[in-house]
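Commentary on secondary and tertiary structure
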Amino acid sequence: MATSSGNSSGSSALQIMNSGSDQEGLHQVMDQRKRKRMVSNRESARRSRMRKQEHLTDLTAQVGLLMKENNQILTSINVTNQLYLNLEAENCVLRAQMAELSNRLQSLNDILDYIDSSKWLLENEEEDLSAQFGGDGFLNPWSNLCFNQPVDMFMC
C-alpha cells in the first residue's frame, strides 16, 4: 500500500507541481492580458486625447469665425444706425421746410383771397359809380389798374 500511497502522493505532487506550473502559466497569461489591456487602454486614451484636441481646435476655429462674423454684424449695425440718424435729421429739416412752405402758401392764398375780394368790392363800387355818374369809369381810378402787373415807381 505504500506504493499505492506513494503513487498517490507522487501523483498529488505532480498535480501540485502541474498546478504550480499551471499557476505560473496562468500568472503569465494574466500578466500578458494585463499588459495588453494596459497598452490598449493607453492607445485608447491617446486616441481620446487626440479627438479631444481636434475638437478643441475645431471649437477654437469656430469661435474665431463667430467673433469675426459678430464684428462684421456690429459694424453693419453701426453703419445702419448712422444712416438712420442722418436720414432722421434730413427728415426733420424737410418737415421744417414743409411747414415753412405751407405757411407761405397759406399766406399767399390769403393775399389772393384778399385781392379777389377787393376786386369784387371794386367792381361793385365801379358799378355803383357808373350807375350814378354815367358809367365812363373816369371818376373811378381803380378801374384801369391791372393787379397782376408789377408796379414801377420810377416811371416818368
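Given the structure is predicted, the values throughout are model-derived calculations rather than measurements.

Thresholds applied
- Residues numbered from 1 in each chain as written.
- Predicted model: local features only at pLDDT ≥ 70, side-chain atom pairs only at ≥ 80, totals over all residues.
- Heavy atoms only, no water.
- Helix = DSSP H or I, 4+ residues; strand = E, 2+ residues; numbered from the N terminus.
- Buried < 20%, exposed > 50% of the residue type's maximum accessible area, 1.4 Å probe, protein only.
- Areas by Shrake-Rupley, 256 points an atom, 1.4 Å probe, with all protein chains shown as cover.
- Patch = residues over 30% accessible without salt bridge, like charges linked within 9 Å, V, L, I, M, F, W, Y side chains within 5 Å.
- Salt bridge = Lys/Arg side-chain N within 4 Å of Asp/Glu carboxyl O.
- Lys, Arg positive; Asp, Glu negative; His and termini not counted.
- Charge placed at Lys NZ, Arg CZ, Asp CG, Glu CD.
- pLDDT = per-residue confidence, 0-100.
- Contact = heavy atoms within 4.5 Å.

**With respect to the overall build of the chain**
In terms of regular secondary structure, the chain is built from 1 helix and 0 strands. A buried classification covers 2% of the 156 residues belonging to the chain. Carbon together with sulfur atoms contributes 59% to the accessible area of the chain, which is approximately 14300 Å² in total.

**Here's the deal with a positive patch on the surface**
Positive charge collects at one region of the surface, where Arg33, Lys34, Lys36 and Arg37 lie side by side. Its place among the elements puts Arg33 in helix H1 (residues 2-133).

**Re the pattern of salt bridges**
Within this structure, the stated rule accounts for 4 salt bridges. Linking Glu43 and Arg46 is a salt bridge whose minimum nitrogen-to-oxygen distance equals 2.3 Å. Of this pair, Glu43 and Arg46 are both found in helix H1, 3 residues apart, which corresponds to roughly one turn of the helix. According to the relative accessible area criterion, Glu43 is partly exposed, its value standing at 31%. A salt bridge links Arg104 to Glu100; its shortest N-O distance comes to 3.4 Å.

**Describing a nonpolar patch on the surface**
Together, Ile73, Leu74 and Ile77 make up an exposed nonpolar region whose accessible area comes to about 250 Å². Within the fold, Leu74 resides in helix H1. Since its relative accessible area comes to 43%, Leu74 is described here as partly exposed.

**Some details on the confidence of the model for the chain**
This prediction gives the chain a mean pLDDT of 80; 65% of its residues lie at or above 70. Below a pLDDT of 50 lies the segment residues 1-6, which in the model reaches 0 contacts outside its immediate sequence neighbourhood of four places, other chains included.

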